[in-house]
Amino acid sequence: MNPSENLRRRSDLSPYLFHFTKDNGGKSAKEIIASIVEEMKLISNAGYICFTEQPLIMCDEMFKYFGKFPKPMYQPYGIGFKRDVLYRMGARNVIYGTPDEKDKIDPSLHWRFLVTDVDRYDYSWLREWRYPKGVLDFSNFRNEDIIVVAPSKEDEDVVFTPDYDVDFDYDSNTKT
């Protein structure tokens, strides 16, 4: 048995990696997540796809913070995948460091690196992970390896067709 299996049940750890959306190119975050679910693909022009390993129960605070800005970094519409599934596919946690440190690591790992200046530019609180390709096709993933996030149960009709079997049992107000 994997010794870290019991640690994964801690509230500060997540079994999922989440990719959140925002309004972009005239499309709302809601429309974007609906499109992602319909196409069963995440696509990025950056050459990698970003995720957060922040537990879902902690994302509520993040979205309250983002809600203070006219153009939030992310909105509460997203999709999560089991961390271990993405890890086996090559996803890795971001390496935060200085420009000098980036120059010291192998160029093949630069896709994982994010320059951080704790006085001006520090996004390490995002607990970012990256998938090393520009497209993640999840059409063959098992349903139990995917979770779709929306701010309320009322949003389920935006994301799912009526015949899609979804269990909506998460309450963001629950802190246990």
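Residues numbered from 1 in each chain as written. Predicted model: local features only at pLDDT ≥ 70, side-chain atom pairs only at ≥ 80, totals over all residues. Heavy atoms only, no water.

Enquirer: I keep staring at the overall build of the protein chain and nothing clicks. Help me out?
Expert: In terms of regular secondary structure, the protein chain is built from 5 helices and 10 strands. The 176 residues of the protein chain split such that 34% are buried. For the protein chain, contacts bridging at least 24 residues in sequence account for 75% of all contacts bridging at least 6. A total accessible area of about 11200 Å² is found for the protein chain, and carbon and sulfur atoms account for 50% of it. (Helix = DSSP H or I, 4+ residues; strand = E, 2+ residues; numbered from the N terminus. Buried < 20%, exposed > 50% of the residue type's maximum accessible area, 1.4 Å probe, protein only. Contact = heavy atoms within 4.5 Å. Areas by Shrake-Rupley, 256 points an atom, 1.4 Å probe, with all protein chains shown as cover.)

Enquirer: Help me understand helix α2 (residues 56-66), please; the structure alone is not making it clear to me.
Expert: Along an α-helix, residues three or four apart share an orientation, since each turn contains 3.6 residues. Among all positions in α2, only Leu56, Ile57, Cys59, Asp60, Met62, Phe63 and Phe66 are buried. Where α2 is buried, its residues meet β1 (16-20) and β10 (146-149).

Enquirer: Is there a simple way to explain the nonpolar core in this structure?
Expert: Inside soluble globular proteins, nonpolar side chains tend to come together where they are buried. With 21 residues, the main nonpolar core has Leu42, Phe51, Ile79, Phe81, Leu86, Leu136 and Phe141 as its most contacted residues. For this core, the secondary structure elements donating two or more residues are α1 (29-39), β3 (49-52), β4 (78-82), α3 (83-88) and β8 (128-131). It is α1 that provides the largest number of residues to this core, a total of 5 residues. Beyond its immediate sequence surroundings of up to four residues, Leu86 is in contact with Leu17, Phe51, Phe81, Ala91, Leu136 and Phe141. (Core = buried A, V, L, I, M, F, W, Y, C linked by side-chain atoms within 4.5 Å.)

Enquirer: Help me understand the packing of aromatic side chains, please; the structure alone is not making it clear to me.
Expert: Two aromatic rings are characterised by how far apart their centres lie and by the angle between their planes. Scanning the model with the defined rule gives 16 aromatic pairs in all. Where Tyr16 meets Phe18, the ring centres are 6.0 Å apart and the plane angle is 35 degrees; that geometry is what we call tilted. For Tyr16, a relative accessible area of 16% puts it in the buried group. An angle of 65 degrees between the planes, with centres 6.5 Å apart, marks the rings of Phe63 and Phe66 as edge-to-face. Taken together, the residues Phe63 and Phe66, both in helix α2 and 3 residues apart, mark about one turn of the helix. Residues Phe63 and Phe66 agree in their burial class; the two are buried. Among the aromatic residues, those joined into a ring-pair cluster are Tyr16, Phe18, Phe20, Phe63, Tyr65, Phe66, Phe69, Tyr74, Tyr121, Tyr123 and Trp125. Above the ring of Tyr87, the side-chain terminus of Arg92 is found at 3.8 Å from the ring centroid. (Phe/Tyr/Trp six-rings, centres within 6.5 Å; stacked < 30°, edge-to-face > 60°. Lys NZ or Arg CZ within 6 Å of the ring centre and 35° of its normal.)

Enquirer: In this structure, what is going on with the side chain of Glu128? I would like to understand it.
Expert: Relative to the assigned elements, Glu128 resides in strand β8. Among the polar contacts made by the side chain of Glu128, one reaches the side chain of Arg130 at a distance of 2.8 Å. (Polar contact = N/O pair within 3.5 Å; in protein donor to acceptor, adjacent residues only side chain to side chain.)

Enquirer: What am I meant to see in the side chain of Ser14 here?
Expert: If you trace the backbone, Ser14 turns up in the segment before β1. If we skip the residues at most four places from it in the chain, Ser14 touches Glu53, Gln54, Pro55 and Arg83.

Remember that the coordinates give geometry; whether it matters functionally is a separate question.
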